[in-house]
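Overview (structure and organization)
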There are 4 protein chains.
Amino acid sequence: MQSRSELAVIVGAGSGLSASLARKCAAAQMRVALAARNIGKLQPLAQETGASVHACDAADAAQVEALFGALEAPDLVIYNPSYRIRGPFLGLDREEVRKTLMVSAYGGFLVAQAALKHMMERGRGALFFTGASASVKGYAESAPFAMGKFALRGLAQSLARELAPKNIHVAHFVIDGGIERAGGDPRAASRGDDGMLKPDAIADTYIAVYRQHRSAWSFEVDLRPWVEKF
Amino acid sequence: MQSRSELAVIVGAGSGLSASLARKCAAAQMRVALAARNIGKLQPLAQETGASVHACDAADAAQVEALFGALEAPDLVIYNPSYRIRGPFLGLDREEVRKTLMVSAYGGFLVAQAALKHMMERGRGALFFTGASASVKGYAESAPFAMGKFALRGLAQSLARELAPKNIHVAHFVIDGGIERAGGDPRAASRGDDGMLKPDAIADTYIAVYRQHRSAWSFEVDLRPWVEKF
Amino acid sequence: MQSRSELAVIVGAGSGLSASLARKCAAAQMRVALAARNIGKLQPLAQETGASVHACDAADAAQVEALFGALEAPDLVIYNPSYRIRGPFLGLDREEVRKTLMVSAYGGFLVAQAALKHMMERGRGALFFTGASASVKGYAESAPFAMGKFALRGLAQSLARELAPKNIHVAHFVIDGGIERAGGDPRAASRGDDGMLKPDAIADTYIAVYRQHRSAWSFEVDLRPWVEKF
Amino acid sequence: MQSRSELAVIVGAGSGLSASLARKCAAAQMRVALAARNIGKLQPLAQETGASVHACDAADAAQVEALFGALEAPDLVIYNPSYRIRGPFLGLDREEVRKTLMVSAYGGFLVAQAALKHMMERGRGALFFTGASASVKGYAESAPFAMGKFALRGLAQSLARELAPKNIHVAHFVIDGGIERAGGDPRAASRGDDGMLKPDAIADTYIAVYRQHRSAWSFEVDLRPWVEKF
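Residues numbered from 1 in each chain as written. Chains lettered and ligands numbered in written order. Predicted model: local features only at pLDDT ≥ 70, side-chain atom pairs only at ≥ 80, totals over all residues. Heavy atoms only, no water.

1. Focus on the overall build of chain A
The helix and strand inventory of chain A stands at six helices and seven strands. Seen in sequence order, chain A has helices and strands lined up from the N terminus as β-α-β-α-β-α-β-α-β-α-β-α-β. Across the 230 residues that make up chain A, the buried fraction comes to 62%. Put simply, 66% of the contacts in chain A that link residues at least 6 apart link residues at least 24 apart. When the accessible area of chain A is evaluated, it comes to approximately 8,600 Å², of which 50% is carbon and sulfur surface. Here chain A carries 27 positive and 23 negative side-chain charges, and the mean point of each set is 2 Å from the other. (Helix = DSSP H or I, 4+ residues; strand = E, 2+ residues; numbered from the N terminus. Buried < 20%, exposed > 50% of the residue type's maximum accessible area, 1.4 Å probe, protein only. Contact = heavy atoms within 4.5 Å. Areas by Shrake-Rupley, 256 points an atom, 1.4 Å probe, with all protein chains shown as cover. Lys, Arg positive; Asp, Glu negative; His and termini not counted. Charge placed at Lys NZ, Arg CZ, Asp CG, Glu CD.)

2. A few points about helix α6 (residues 199-210) of chain B
Residue and element names in this part refer to chain B. The terminal C-alpha atoms of α6, which comprises twelve residues, lie 16 Å apart, in line with the 16 Å expected from a rise of 1.5 Å per residue. Counting buried positions over the twelve residues of α6 gives nine, a clear majority of the element. Lining the buried residues of α6 we find α1 (16-27), β4 (76-79), β5 (125-132), β6 (168-175) and β7 (220-223). (Expected span 1.5 Å × (residues − 1).)

3. Some thoughts on the interface of chain A and chain D
Of the residues lining the interface, 43 residues belong to chain A; the matching set on chain D comes to 43 residues. Buried surface at the junction of chain A and chain D, both sides included, amounts to about 3,600 Å², of which 68% is carbon and sulfur. Considering only the side of chain A, the residues that lose the most area to chain D are A:Phe89, A:Leu90 and A:Arg94, jointly responsible for 21% of the buried surface there. Where A:Arg94 meets D:Glu65, a salt bridge forms, and the shortest distance between an N and an O atom there is 2.2 Å. Counting across the chain A and chain D interface gives 22 residue pairs in polar contact (both at pLDDT 80 or more). Of all elements in the fold, only α3 (61-70), α4 (94-122) and α5 (143-163) of chain A reach the threshold of two or more residues within the side of chain A that touches chain D. (Buried area = accessible area lost by both parts, 1.4 Å probe. Salt bridge = Lys/Arg side-chain N within 4 Å of Asp/Glu carboxyl O. Polar contact = N/O pair within 3.5 Å; in protein donor to acceptor, adjacent residues only side chain to side chain.)

4. Focus on the relation of the copies chain A and chain D
Here chain A sits on chain D after a turn of 180° about the axis and a move of 0.0 Å along it, with an RMSD of 0.0 Å. Considering both components of the superposition, the chain copies are consistent with a two-fold axis. When C-alpha positions in chain A are compared against the rotation axis, the closest is assigned to A:Ala151, at 2.3 Å. Most of the interface of chain A is mirrored in chain D, where 100% of its interface residues again form contacts. (Least-squares fit on C-alpha atoms with pLDDT ≥ 70 in both.)

5. Here's the deal with the pattern of salt bridges
Counted according to the given criterion, the structure contains 60 salt bridges over all chains. Of the charged contacts in the structure, one is a salt bridge between C:Asp194 and C:Lys198, with a shortest N-O distance of 4.0 Å. Taking the relative accessible area as the measure of exposure, C:Lys198 reaches 25% and is therefore partly exposed. A salt bridge links D:Glu48 to D:Arg23; the nearest nitrogen and oxygen atoms lie 2.7 Å apart. You can see D:Glu48 sitting in helix α2 (residues 43-49) and its partner D:Arg23 sitting in helix α1 (residues 16-27), a full 25 residues away along the chain. Judged by its relative accessible area of 34%, D:Arg23 falls in the partly exposed class. A single network of salt bridges, built from pairs that share partners, joins A:Glu180, A:Asp194, A:Lys198 and B:Arg214.

6. Here's the deal with the packing of aromatic side chains
Inspection of the entire model under this criterion finds 28 aromatic pairs over all chains. Taking 6.5 Å as the distance between ring centres and 80° as the angle between the ring planes, the aromatic pair formed by B:Phe128 and B:Tyr210 counts as edge-to-face. You can see B:Phe128 sitting in strand β5 and its partner B:Tyr210 sitting in helix α6, a full 82 residues away along the chain. Just as B:Phe128 is buried, B:Tyr210 falls in that class too. Taken together through their ring pairs, the aromatic side chains of A:Phe128, A:Phe173, A:Tyr206 and A:Tyr210 make up a single cluster. Residue placement shows C:Arg84 over the ring face of C:Phe145; its charged tip is 4.0 Å from the ring centre. The residue whose ring lies beneath C:Arg214 is D:Trp226, and the NZ or CZ to ring-centre distance is 3.8 Å. (Phe/Tyr/Trp six-rings, centres within 6.5 Å; stacked < 30°, edge-to-face > 60°. Lys NZ or Arg CZ within 6 Å of the ring centre and 35° of its normal.)

7. Details of α1(D)
All names here are of chain D. Taking 1.5 Å as the rise per residue, α1 with twelve residues should run 16 Å; its terminal C-alpha atoms sit 17 Å apart, in good agreement. Residues Leu 17, Ser 18, Ala 19, Ser 20, Leu 21, Ala 22 and Cys 25 constitute the buried set of α1. Buried residues belonging to α1 abut β1 (7-11), β2 (31-36), α2, β4 (76-79), β5 (125-132) and α6 (199-210). After α1 finishes, the residue Gln 29 shows a positive phi value of roughly 70°.

8. Looking at the side chain of A:Glu220
Checked against the element boundaries, A:Glu220 lands in strand β7 (residues 220-223). Given the relative accessible area of 17%, A:Glu220 is considered buried. At 2.8 Å, the side chain of A:Glu220 forms a polar contact with the side chain of A:Arg153. Polar side-chain contacts of A:Glu220 include one of 2.7 Å to the side chain of A:His172. When near neighbours in sequence (up to four residues on either side) are disregarded, A:Glu220 contacts A:Arg153, A:His172, A:Val174, B:Glu220, B:Val221 and B:Asp222.

9. A short note on the pairing of β2(D)
One face of the sheet, then the other: side chains in a regular strand alternate in exactly this way. Residues and elements named next belong to chain D. Among the six residues of β2, five are classified as buried, and the element is accordingly described as predominantly covered. Each parallel crossover has a hand, and for β1 linked through α1 to β2 it is right-handed. As defined by bridge partners, β2 adjoins strand β3 (residues 52-55) across four bridges and the pair is classed as parallel. Paired with Ala 33 across the bridge in β3 is Ser 52. Since β2 and β3 lie parallel, the crossover through α2 that links them has a hand, and here it is right-handed. (Right-handed = clockwise from strand over helix to strand, strands pointing away. Pairing = 2+ DSSP bridges.)

10. Some thoughts on the confidence of the model for chain A
Summarising the model, chain A shows a mean pLDDT of 96, and 98% of its residues fall at 70 or more. Among the prediction metrics, the complex's ipTM stands at 0.97, with pTM recorded as 0.98. (pLDDT = per-residue confidence, 0-100.)

11. Topic: the environment of B:Ala164
Relative to the assigned elements, B:Ala164 resides in the loop between α5 (143-163) and β6. Put simply, B:Ala164 and B:Ala126 are 38 residues apart on the chain and 9.4 Å apart in space, counted from C-alpha to C-alpha. In contact with B:Ala164, other than residues within four places in its own chain, are A:Trp226, B:Leu159 and B:Trp217.

12. Focus: the packing of helix α1 (residues 16-27) of chain C against helix α6 (residues 199-210) of chain C
Residues and elements named next belong to chain C. Between α1 and α6, the shortest axis-to-axis distance is 8 Å and the interhelical angle comes to 50°. The pairing of α1 with α6 is recorded here as oblique in orientation. The two elements α1 and α6 meet at a crossing, and its hand is right-handed. Taken together, the residues of α6 that come into contact with α1 (itself represented by Gly 16, Leu 17, Ser 20, Leu 21, Lys 24 and Cys 25) are Pro 199, Asp 200, Ile 202, Ala 203, Asp 204, Tyr 206 and Ile 207. When grouped by side-chain class, the residues that make up the contact of α1 with α6 number eight nonpolar, two polar and three charged. (Axes fitted to C-alpha atoms, helices over the stretch in contact; angles between N-to-C directions. Parallel < 35°, antiparallel > 145°, perpendicular 65-115°, else oblique. Left-handed = near helix turned anticlockwise from the far one by under 90°. Nonpolar A, V, L, I, M, F, W, Y, C, P; charged D, E, K, R; others polar.)

See the structure below:
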């Protein structure tokens, strides 16, 4: 008599994309858990979606372990955190580069490992990673972000090969373009109609991929605005 | 007074994937046109989906022109035809290699050009191409199929870059694995549950991509069974 | 008492790259055969390099067969021909698109098959294909060239996987940028020093790859000017 | 009065590949500096090649800074260190995963930054990174190595785009297969003649890429034994 609904855990919950994902998951009758380093502003979203809220630095092993220890077995875990530092290579601060790797990639490893303990036991689950154009192309003056996002994609690929045959759906999304911020993004005007990615539109594709039948799973999906150069 | 429903044109309509696409499009309240070189067996599907049926060799320019001349402006055109010859490279028949290129790639060009005349006038549309693992990896003893499928992907990429800013959604699907045939596919048994791609599952993703908001369009989506090596 | 020197066959011999390849091969003590559709201007190069000259349309099976029938077993065959038509997609001439595929890709198949008959008998050889940035990225308003060059790369990949274990080295070169023409290229000035690929510099890398020990063969090598965006 | 010879710095100097690189550089009349975490066994190589020897943990910022502070401006810097941990994902030790990222990728950043200070001043130089098949494909049960090697490739791509126009040649080598160890590698026998990469053969290609004219620089070169599946 399994009446519980599915549980979606969104890590890096402070972003606009995470908010849309939370709403779409809730609309799809899923329970939602929001995890973020800074949970100060998550209360309205939590109320709107009925989500639980969890303070968690994704790059901190103990905090990640505590997060998943406090949760039931998740059906879907989405890893969104990223950190970036840009600029001419010689001027990059070493500690910031290390942090970029830790947040963008090592945190993905920690969350995957903690989440999979639950999923492997139940023999099913989905683990989604949010990438960027920097996941597949290393841009000038953006080496640290390329390092972090390439590494996260390497993690996702390896996990997909290892875990798909164990009935766990691993997917990686290449978000190619700027995501429009809520409440009127000043950058949007110069790009014309729908010139930035709308978080709701991205979230629709995540949900569609989550609903895929396992006979036809996607590993990698790119998403960009119609006017984006690529 | 816009009462007409959307029109989906499925080229290469003889395959099981095309049948699923026709059914999913019809279920989504779209009108469907089926085009195939050999239309002898399409009648039951046409009746089930209310589709029109059109004889058309996609590699023949005149026939492709006639096909789209006979149709209203399509909203979605899906190019599925492919042809392949396999075997040790030295034994490949030249004429068969040429045919592989013509059907798998040149026909895609012809269909795209004819379909886009309509779409460019209306300022919208979607053009989807069905690829394979051979689209991104050239396998031994399968050079002709690699040539055809690589070429089709080159066409699709070029069209996406040229046409997305004109509000036409071009997408390419990398089908990685065997598609299960209707009526009990003897190959399926050895692969375990859901070990081959179910055409309905593939079609669900095509429809989801077709429904994407233009602020977050996918160009390339891979699809494979959970147990498929890649 | 095997005193014969190696034989290099350069197909598409009318280009500046081919001229450099001929000179570098001759300088490396190889005999050279030059094949081109139009051999009218090849005489000076032939004299300089001691090369034989052969009229051959690489997209014509009979001519390709005749070419390799007239030659001894080649050690190295380089496929350089390409043809391109550019412009907005709707205005592309179908016949020109077909020709682009035939010259850029199908001719590569014909040459590979004819050359490999010799190589397979002797159990060694090298087969090099010249690609372009269009081999890996389909640009807007350049769909036909993308189709041809993607297809050639698919052919090369498939051949590499099939033939490397038979001791035949297949390689594909991604030439990313404009090749400087002999005698003062007017385009070069605006690009600054060494802003276009010098054919001699490209040829040096082809020769280096040809000289690779088979324990460490390259399949794909990109080449671009230091100032080229990519 | 430019009598000094070029200086090559090889980081991660304990490997067989590094030994071959040192010998090939010395044979090309370059001065060589060998840097390794553990320099205990480097004396014979240093004597043979006239190299200086430097203890340096490449993942330690202070040690990397001290290394390049002690050296003259290098012409060529090669980053070879890597570290890996393998095994089923759930059993991976977190600290080892972190170390894999630090040695395989972060150390590459530290070395690049320190080396480039010199190179940017002189307005020339070359910076080469040694990758693996894991740089472009994430294998099952090898997530940490994929993370590290993907990240290193992202770093290299970003640097190539940023630094090539500043006359600094950045290249990334994808070593696809096992490198034969000196003194009779027991794994080699089962692979047949030349079935593992010979370090001297790899080094030949590094030197050839280093000698490339800047009008035709390679960024990425793959290398694999003729019998290697890929």
